[in-house]
Every structure is written in C-alpha cells, then in structure tokens.
2 protein chains.
Amino acid sequence: MDFKFSDRVPSLDNDVVGEILKVAGDPKIISFAGGLPAPELFPVEEMKKAADEVFEKDGQNALQYTASIGNPKLRQLVTDRMQNHKHIDCNVDNVCITTGSEQSIDLIAKMMINPGDVVLVEKPTYLCALDVFRSYGAKIVGVDMDDDGMKMDSLEQALKQNPDTKLIYTIPNFQNPTGRTMPADRRQKCAELASKYNVMVMEDDPYGEIRYSGEPVDPIKHFDKDGHVIFMSTFSKILAPGMRLGWIVADKKFVDAFVLMKQSADLHSDNLSQYIVARFMEENDLDAHIQKIRDVYYRRSSMMLKEIDEQFPEGVKHSNPEGGMFIWVEVPGNINTMELFKNCVEHNVAFVPGEPFYPDKVIPGTFRVNFSNMQENQIHEGIHRMAVAISEMLNK
Amino acid sequence: MDFKFSDRVPSLDNDVVGEILKVAGDPKIISFAGGLPAPELFPVEEMKKAADEVFEKDGQNALQYTASIGNPKLRQLVTDRMQNHKHIDCNVDNVCITTGSEQSIDLIAKMMINPGDVVLVEKPTYLCALDVFRSYGAKIVGVDMDDDGMKMDSLEQALKQNPDTKLIYTIPNFQNPTGRTMPADRRQKCAELASKYNVMVMEDDPYGEIRYSGEPVDPIKHFDKDGHVIFMSTFSKILAPGMRLGWIVADKKFVDAFVLMKQSADLHSDNLSQYIVARFMEENDLDAHIQKIRDVYYRRSSMMLKEIDEQFPEGVKHSNPEGGMFIWVEVPGNINTMELFKNCVEHNVAFVPGEPFYPDKVIPGTFRVNFSNMQENQIHEGIHRMAVAISEMLNK
C-alpha cells in the first residue's frame, strides 16, 4: 500500500549515506567510510565487573523506570567532569542524560524549530544533524569555514541576513567531517554573537576529549554569560557507543522544558546502562582509559596523514586534526567524489564523499576518511588503493 | 532568559501529571498513582547471568554501534513470539526494535501527522500519547467507549466526520487507564474500518501478555489484510522497563521509513541491553516468568476490587480488568476528582484523576488506581483511606 507520510519523512529513494555504507560493508573492501570507535579499546572486563556489581547491589532499581532527567549519580559525575575538564559553570540541575548525542540534537531541534525557522551550520557539517533539522522543517544555511572552523564574520553576516535564525549548530573540536578545531577567540565571539542576536548555540562536542596533540580549548559554553549555549556530549567516543548515553548542559529553565520533550520521546534513557556507566566511573580512572584511546588514534591518524602525503597525487590537500576520528581531503580538478567513490569501490576501498555533508551548495572534490577503526596495515593498503583511483580520475 | 521555544513545547506551568506524581511521591502517602511493574518480580539473577555471558562472548559487539532496526537475534526472537503468541503473519523484516513503546508512539506520530491532521483515540486514553500527538500539531478527537472498549459505530462516525484522520490510536487489552478489553469482533471491525477509510491503526499492546483471567483475544494486527495496522509492544511489563526496549510490527515499506526516523531520533536502541534480553530469552522460559507476574497481579487486582466493593460508598462503579495494571473508578454526584485528589492527599493516599486522560470533553467523577506495584496491606489501608475521603466529598 501507499502510506500517506507526513512532510517530515525524507524520500526513501534518496538515502545516499545508507547506500554508501551498504557498499562499504562488503568484507573485501577496506572502508574508511564509517565513524566507529575502535572496539578493541572498549573496557569490556571493567564494564562486566561494574554490571555485576549493579545487579548485586541495585538490580531492582536499575531494571525499574527512572526519572526522565536521568540517574542522579551519573548526572553528578557528569557535572563534576563538566566543571573540572570543561570549565563550565554548572550544577547537577543543568545536566540531563540523553539517549546519545543524536537524541540531544533531535530534541533541541524539536524544541526550537518551527517550520521555516533558520539553523546556521558549518559548511560542511555532520550529515545526520542536517537530516534532523530538515525533519522539523528548518531552513538550513551554511556558514563558511577555514582551517580554524566556522568564520565569525561569516556567522555574523548570516545572523544579520536571517532574522528568523533560531539555532547555530557547531562542532568546535575536531569537527565532523573536517577534523578542524575552533580557537578560543572564535568560541568567545560565538557566545557573544548568540547573546547579541538572541539565538541559541548547539555546541556538539562528541570528540573533545579525544585530543592527542595541541592544547585543549575551553568550550563555547565556558564563555556563555546568559544561557544562550547548550553544550552536548556523549559516552560514545570515550567509553562505548552501544549503550547510547549522552548528556546536555544548559540553563535550568531550558533543561526543564527539554525534560518534558524527552519524556514524550522515550520516557528516559536506559537505566541499567546509566547505573553501569556510573559504577564504571566510580571504580575506574576514566581519564587513564581515554589516554589509551588518544594514543592509539594518534598513531593511526599520524600514519594516515603520512600515507596521504606520500601516496596521494600532487595538489591533494588535507586537514591536520589534533584529535577526533576524521581527516578531510580536497582533490584538485573539480573531481566529483561520488564518481570517485564508484572508482574506489572498483579498487576495493571506500570513504564518504563530501556531498551529503553540505547543507546547500556543494564544494566539489572533497571527502572524509576515518582512521579510528582502522588497523595500520589497512591504512597503508587502503590509502594506496585510493591513490591509484584518484590518479586514474585526475588523468582521465 | 526567555527561550523562544517552538509551538511543539507544552506550557511548563501545565504539567498536571508531574505535579500529581510529585505529591504522590511523599513516602507517607500510599500511592495508587504510578504505573510501575512490581520490581520484586524482575528476574535480576537471570539477567545478571545473561549480561555476564554477553560480556564474555560478545563484549566488543554489544558495546559498539549497531543497525537502527535492531539486533538481528532479538528481532528474530520477537518475530517468533509475534507469530506464535499473537498469530500475526510476519517475518523479521516487519520488526523494528525501539527505545520503548513511548518511542514507537513518538516516531509513528512524527511520520504520519502534519499539523491539523486528526488522530482518533479512546476517551479516555494514555495521557503521554496525547502529549506526543499534540507535540506534532495533531487535532485529537475522542471516540466513545463502553465496557468492551472503543465503540465501532462511534469510530466509523468519527472517521466520516473527520476526513483528515491519519491515525487511530487504541490500547485493546486492559486499556490504560480503564482496564477494558476489546473483543475479537470489534478488533476485526477496526481493521476493516482502517482499510475502508485508508487510515493507520496504532495498536498499542504493552499489557496484552499480562492476562490473568478470561481468554486471550488475537490482536487487531491479526485481522489486518493490507498493512493498515501497526502493532506495538514492549519488554517493560513482561521483563524490565528500565532497559527501554520495545518493538513495532508493520508492513515492510512502513518499517523502512520508520527506521530512517529512528536513525534521526537516537541512531539505535541500547545495544548492550538488546544483547542481554536476547540472551535472557534464549536461556530462560519467558512464558514461565510472565506466569509469575500474572499470578501476583491477579491477587493484587482481586484484592483491590474486593476492597473497593466493600469499602467505597454506594454508587461507586469500577471496571473489572482481566489483566494489566489498572482499575478505573467512577464516583457518583459529579465529583471533581482533582478536588478529590487534594482531599485524598490530606488522608495520605493518592491516585490519578481522570481529567488528563481525556482528549477533549472531561467526564467528571472518574479516576485511575494502580495495583501492580502495591503490597496487599497497602491496598487494604489505601482503599480504606480513599473510602473515607470519597465519603467526605459525597456528604459535603
């Protein structure tokens, strides 16, 4: 039968990313397309021990319903981390646990966007966020970036040109897909502009703790004086994505409304997993665990950058991330990277073409490669295969 | 600051249910207001064993991202149960795991409702579903019920009067809040009307397996010939609500679109919990576990009905549920049950007044009491306190 879906449902024929990931899932292909953390670094033994103790001490409570805002102990642990690691002035009333960052994005969008309202995003940006904004009828406007992330003069211009702007969506650390990081002065300026134009900033920081070179930069939320910034992060990259646990830090009045929306979305996030993660954090040194992730990702990132420099044809440029999981590559000669993708698949290697990351006008010749879930021999061989495919396209 | 929320955000000053539950949370109050399963029946030891085995055999996979549609093994186990217990003609492609029934309701509403579209619901119905429908701009129209649930002549009349109807939302087994059950002939008629008027039925069945008297009735989905019925259920009442795992069964084309919406909502449901529940189901007899729940709830329900009959003043009526967790009470004399609630709180007992369960016109003098999470001495004493409070109101 033909279903009469609402205007929020995207066309099923247009799931470019789904198709890319399906092709890239072929086991003979070396895939730099995904965005998965390295599973061999998951602290399985420690999580098992934490889970055992939760079942022994709090089994009935952990399996029962809980408050939509989240487990009190986990919220306190997150609050402490936000104060100490991120220098955010907050208390436990400012923190709500979410079913991963994707839910944080979804509920904030649902709360803020009426059809036709404008969301300003980095050009390019996280493609699943674009899907969410579109599903609530947002008009999405891209803001120019350079190697230091979103440009503040372009942001202010966009704010002036779009008085219906409700949200600025930004990933200031090791951005997805570019790997770029916004310096402190831009973060401060971003908070000031949000206040001046009375719009909200969604500061999405899934990767911030995975910094393996350079110095940490305080978040935009650190510079927020009057509640215009919502900080979002997740356990997906520092612990385990399968448990779908993230959080937001925001003004208490905002959190109160957010909790009502969350109640309608899934009542609360998995309570058992919230208990397990809280127990894990009490018993283990999360920072020491994160340091192991940083060390491995640094080796993989360095190796991939070296291989790109050595093997890719002349004129190819790339970002130099100081953390996170992705490198952004720019190929000369107006190459259509959807076509390049097809040619790479012929050579049994995959990546994500730049196109779906762009909110509006696509800049040709760009693509994203992931290194976090790649063994070193795969990086060497995969980049070699890509180099051959790129050369073929350039010499056509 | 004043946040410029979208039209989807309800007024924060109007959270009647939140206020009721807050008052009812006072430890000196015997509260029949909640809707919690009995935690002493959670199979904590068996879940611990299942979790241990998941960490030992599949730790890395269970902590990693998974497909939005859900864990393949859990989907197969659910499919088998839907075929054998519910007589639904389906295969694994028709099943998507969700983050509890609340998410199923939310995503189906998001997929189907454009602002102004009509949703037909039982009068009264599950109040959180009303919140969800409102958040997408639905016009909600109540359909009359009798002791056998939604009346089919009223449903057809409503379908004729509301050509913009997109959804029929119904809880055919032990309905929340009334405890009423729809017989087979009405279910078949409901499926036929959905097909005739080309609207979708959301068949919400969280309690169906908790039948402790009478004979099981096949779901509306059993009578669905052309994909107009979406069946929804959950592990919350038969296993543990804290893990937030539910599922939908629907036409494959519908599931494909639903999965895209789910991807934007939370990527996927907790993968660790999906592994644990699948393992639990492989190793334990879920039906034997459910039988334990039925036995306990039957005792509590019978005792509460007996106490109501013996202690409540003359003229008070109540439903006679054959399963589930709730009894619906009707008090004579046009009593305002919000006022009665306040008087009951004075006597240290609580319930949920009927008002928030009604989509439009409120029928006065109704309220819901829960027995699933009540010890027998609490039932005796709590109903006694309520009887005193009701008599005071009637004799005013």
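For clarity, every value in this text was computed on a predicted model and none was experimentally measured.

1. Description of the side chain of Asn343 of chain A
- Mapped onto the fold, Asn343 of chain A is located in helix H11 (residues 337-346).
- Not counting the four nearest positions on each side in its chain, Asn343 of chain A is found in contact with Ala389, Glu392 and Met393 of chain A.

2. Quick word on the environment of Leu130 of chain B
All names here are of chain B.
- Structurally, Leu130 can be placed in helix H5 (residues 127-135).
- In this structure the C-alpha to C-alpha distance between Leu130 and Gly208, which are 78 residues apart in sequence, comes to 21 Å.
- The contact partners of Leu130, leaving out residues within four places of it in the chain, are Val121, Thr125, Ile140, Pro356, Phe357, Tyr358 and Pro359.

3. Some details on the interface of chain A and chain B
- Contacts between chain A and chain B engage 79 residues on the former and 79 residues on the latter.
- Counting each side, the surface lost to burial between chain A and chain B is near 6900 Å², with a carbon and sulfur contribution of 61%.
- The interface formed by chain A and chain B includes six salt bridges.
- Put simply, chain A and chain B have 38 residue pairs in polar contact (both at pLDDT 80 or more) between them.
- For the side of chain A that touches chain B, the secondary structure elements donating two or more residues are helix H2 (44-63), helix H4 (100-112), helix H5 (127-135), helix H8 (252-266) and helix H9 (271-283) of chain A.
- Element by element, the count of residues in the side of chain A that touches chain B is highest for H2 of chain A, at eleven residues.

4. Looking at the sheet that holds strand E11 (residues 317-318) of chain B
Residue and element names in this part refer to chain B.
- One open sheet accounts for four strands, arranged E11-E12-E15-E14; its pairing is antiparallel. Of all strands in the sheet, those with a lone pairing partner are E11 and strand E14 (352-353), marking the two edges.
- Relative to strand E12 (residues 326-330), E11 runs antiparallel, the two being bridged by two bridges. Paired with Lys317 across the two strands is Glu330, which belongs to E12.
- Contacts from helix H10 (residues 286-311) reach E11, E12 and strand E15 (366-370), with the element oriented near 15 degrees to E12.

5. A closer look at H4 of chain A
- Compared with an ideal rise of 1.5 Å per residue, which puts 13 residues at 18 Å, H4 of chain A spans 19 Å between its outermost C-alpha atoms and is within 8% of the ideal.
- With 13 of 13 residues buried, H4 of chain A lies mostly within the body of the structure.

6. Overview of the packing of H2 of chain A against H9 of chain A
Residues and elements named next belong to chain A.
- Put simply, H2 and H9 touch, their axes get as near as 8 Å, and they point 130 degrees apart. As judged from the angle between their axes, H2 and H9 are oblique. Seen from above, H2 lies across H9 with right-handed handedness.
- Of the residues in the contact of H2 with H9, the class split is eleven nonpolar, two polar and seven charged.

7. Regarding the sheet that holds strand E11 (residues 317-318) of chain A
Residue and element names in this part refer to chain A.
- Strand order in the open sheet made by the four strands is E11-E12-E15-E14, with antiparallel pairing throughout. The sheet terminates laterally at E11 and strand E14 (352-353), the two strands that pair on one side only.
- Contacting E11, strand E12 (326-330) and strand E15 (366-370), helix H10 (residues 286-311) runs over the sheet at an angle of about 15 degrees to E12.

8. Quick notes on the environment of Ala67 of chain A
Residue and element names in this part refer to chain A.
- Topologically, Ala67 is positioned in the loop between H2 and helix H3 (72-86).
- Given a relative accessible area of 40%, Ala67 falls into the partly exposed group.
- The spacing of Ala67 and Val259 is 192 residues in sequence and 9.3 Å in space, taken between C-alpha atoms.

9. Focus: the UniProt feature "domain: Aminotransferase class I/classII large" (unreviewed entry) in chain A
- The positions that UniProt labels "domain: Aminotransferase class I/classII large" (unreviewed entry) are, in the present scheme, residues 41-385 of chain A.
- Counted over residues 41-385 of chain A, helix gives 45% and strand 16%. Its end C-alpha atoms are 27 Å apart.

10. What to know about the relation of the copies chain A and chain B
- Turning chain A through 180 degrees and shifting it by 0.0 Å along the axis lays it on chain B, with an RMSD of 0.0 Å. Interpreted geometrically, this transformation is the action of a two-fold axis.
- An overlap of 100% is found between the interface residues of chain A and their copies at the interface of chain B, pointing to a shared contact surface.

11. A closer look at the packing of H4 of chain A against helix H8 (residues 252-266) of chain B
- Where H4 of chain A meets H8 of chain B, the closest approach of the two axes is 5 Å, and the angle between their N-to-C directions is 95 degrees. The orientation of H4 of chain A relative to H8 of chain B falls into the category roughly perpendicular. Along its contact with H4 of chain A, which presents Glu102, Gln103 and Asp106 of chain A, the element H8 of chain B presents Gln263, Ser264, Ala265 and Asp266 of chain B.
- Looking at side-chain class alone, the contact of H4 of chain A with H8 of chain B contains one nonpolar, three polar and three charged residues.

12. Describing unusual backbone geometry
- Cis geometry marks the peptide bond from Asn176 of chain A to Pro177 of chain A; its omega dihedral reads 15 degrees.
- For Pro177 of chain A, the position within the fold is in the loop between strand E7 (165-170) and helix H7 (184-196).
- Cis geometry marks the peptide bond from Lys123 of chain B to Pro124 of chain B; its omega dihedral reads 5 degrees.
- With respect to the helices and strands, Pro124 of chain B occurs in the loop between strand E3 (118-122) and H5.
- Phi is positive for Asn198 of chain A, which is not a glycine, with a value near 55 degrees.
- Relative to the elements of secondary structure, Asn198 of chain A occurs in the loop between H7 and strand E8 (200-204).
- Judged by its relative accessible area of 32%, Asn198 of chain A is partly exposed.
- Positive phi values are uncommon outside glycine, yet Asn334 of chain A reaches one of about 50 degrees.
- By the element assignment, Asn334 of chain A lies in the loop between E12 and H11.

13. A closer look at the domain arrangement of chain A
Residue and element names in this part refer to chain A.
- Each assigned domain of chain A is listed here: domain 1 (12-42 + 288-394) and domain 2 (45-283).
- Placing the centre of domain 1 and that of domain 2 at their C-alpha centroids yields a distance of 26 Å.
- Summed over both sides, the interface of domain 1 with domain 2 buries roughly 2600 Å², with 64% coming from carbon and sulfur.
- The tally of links between domain 1 and domain 2 comes to two salt bridges.
- Glu322 is paired through a salt bridge with Arg211; the nearest N and O atoms lie 2.8 Å apart.
- Seen at the junction of domain 1 and domain 2, the total is twelve residue pairs in polar contact (both at pLDDT 80 or more).
- Elements represented by at least two residues in the side of domain 1 that touches domain 2 include exactly H10 and E12.

14. What to know about the packing of aromatic side chains
- Per the stated rule, a full pass over the model turns up 26 aromatic pairs over all chains.
- Between Phe341 of chain A and Phe351 of chain A, the aromatic rings sit 5.7 Å apart at their centres with planes inclined by 85 degrees, giving edge-to-face as the arrangement. In this pair, Phe341 of chain A is assigned in helix H11 and Phe351 of chain A in the loop between strand E13 (349-350) and E14, connecting sequence segments ten residues apart. Here Phe341 of chain A matches Phe351 of chain A in class, with each residue buried.
- Each member of the aromatic cluster is reached from another via a ring pair, and the members are Phe3 and Phe5 of chain A together with Phe254 and Phe258 of chain B.

15. Concerning the state of the cysteines
- Summed over all chains, the structure comprises zero disulfides over all chains.
- Summary of cysteine pairing: Cys190 of chain B is not part of a disulfide, and the nearest cysteine sulfur, belonging to Cys90 of chain B, is at 19 Å.

16. Description of helix H2 (residues 44-63) of chain B
- Taking 1.5 Å of rise per residue, 20 residues should cover 28 Å, yet H2 of chain B covers just 21 Å from first to last C-alpha, more than 12% shy of that figure.
- For H2 of chain B, every residue scored as buried is listed here: Val44, Met47, Lys48, Ala50, Ala51, Asp52, Glu53, Val54, Phe55, Gly59, Ala62 and Leu63 of chain B.
- On its buried side, H2 of chain B packs onto H2 of chain A together with helix H9 (271-283) of chain B.

17. A short note on the side chain of Lys166 of chain A
- Structurally, Lys166 of chain A is set in strand E7.
- Side-chain polar atoms of Lys166 of chain A contact the backbone oxygen of Met112 of chain A, separated by 3.3 Å.
- Of note is the side chain of Lys166 of chain A, whose polar atom sits 2.9 Å from the side chain of Asp117 of chain A.
- Once residues within four sequence positions are removed from consideration, Lys166 of chain A is found in contact with Met112, Asn114, Asp117, Val118, Val199 and Met200 of chain A together with Lys4 of chain B.

Calculation notes
Residues numbered from 1 in each chain as written. Chains lettered and ligands numbered in written order. Predicted model: local features only at pLDDT ≥ 70, side-chain atom pairs only at ≥ 80, totals over all residues. Heavy atoms only, no water. Helix = DSSP H or I, 4+ residues; strand = E, 2+ residues; numbered from the N terminus. Contact = heavy atoms within 4.5 Å. Buried area = accessible area lost by both parts, 1.4 Å probe. Salt bridge = Lys/Arg side-chain N within 4 Å of Asp/Glu carboxyl O. Polar contact = N/O pair within 3.5 Å; in protein donor to acceptor, adjacent residues only side chain to side chain. Pairing = 2+ DSSP bridges. Axes fitted to C-alpha atoms, helices over the stretch in contact; angles between N-to-C directions. Expected span 1.5 Å × (residues − 1). Buried < 20%, exposed > 50% of the residue type's maximum accessible area, 1.4 Å probe, protein only. Parallel < 35°, antiparallel > 145°, perpendicular 65-115°, else oblique. Left-handed = near helix turned anticlockwise from the far one by under 90°. Nonpolar A, V, L, I, M, F, W, Y, C, P; charged D, E, K, R; others polar. UniProt positions renumbered as here; feature names shortened; annotations may be inferred. Least-squares fit on C-alpha atoms with pLDDT ≥ 70 in both. Domains from an automatic or database assignment. Phe/Tyr/Trp six-rings, centres within 6.5 Å; stacked < 30°, edge-to-face > 60°. Disulfide = S-S within 2.5 Å.

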